[in-house]
Amino acid sequence: FTPFRQPESHHGLYKICHLMCRGERLTSIIDVSDIRRSVHLFPNFGAVVPCEWMSSTVLELYSSFFVDLFSD
């Protein structure tokens, strides 16, 4: 995913997107000891949640997300 930039002005959440190179998503395999914490992501789907939205496919269907800062 892209690094954090400035939070969105209307709700204060950070927007992230899939990191792309030549039309393909960049991915990494990391050691589990490098994981510091989990995060909740909200898909950036607009005003209405599409009916085809499913939690099992949301990472594939959407390209941008908001990071939940309030889950702790």
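Here's a quick rundown of the structure. (Residues numbered from 1 in each chain as written. Predicted model: local features only at pLDDT ≥ 70, side-chain atom pairs only at ≥ 80, totals over all residues. Heavy atoms only, no water.)

1. Focus: the pattern of salt bridges
So the rule is basically this: Whenever a carboxyl oxygen of Asp or Glu lies within 4 Å of a side-chain nitrogen of Lys or Arg, that contact is scored as a salt bridge. Going along the chain from the N terminus, every DSSP run of H or I of four or more residues is numbered as a helix, and every run of E of two or more is numbered as a strand. Think of it in three bands: with a 1.4 Å probe and only protein chains considered, a residue is buried below 20% of the maximum accessible area for its type, exposed above 50%, and partly exposed in between.
On inspection of all chains with the given rule, the structure shows one salt bridge. Between Glu60 and Arg25 there is a salt bridge; the shortest N-O distance is 3.3 Å. Taken together, the positions of Glu60 in helix H1 (residues 58-61) and Arg25 in strand E3 (residues 24-25) put the pair 35 residues apart, joining distant regions of the chain. On the basis of relative accessibility, which here comes to 33%, the residue Arg25 falls in the partly exposed class.

2. What about the side chain of Ser64?
Stated precisely, the cut-off is as follows: Any two residues whose heavy atoms approach within 4.5 Å at even a single point are treated as in contact.
As for its position among the elements, Ser64 is in strand E5 (residues 64-67). If we ignore the near neighbours within four places in the chain, the residues touching Ser64 are Lys15, Ile16, Cys17, Phe42, Pro43 and Asn44.

3. Observations concerning the packing of aromatic side chains
Note the threshold: Stacked, tilted and edge-to-face are the three classes assigned to paired rings of Phe, Tyr and Trp, where Trp is represented by its six-membered ring and a pair needs centres within 6.5 Å; plane angles under 30 degrees give stacked, over 60 edge-to-face, the rest tilted.
Evaluation of the coordinates by the stated rule reveals three aromatic pairs. Note on Phe4 and Tyr14: the rings are 4.8 Å apart at their centroids and 20° apart in plane angle, and the pair reads as stacked. Taken together, the residues span a long stretch of sequence, with Phe4 in the segment before strand E1 (14-17) and Tyr14 in strand E1 at a distance of 10 residues.

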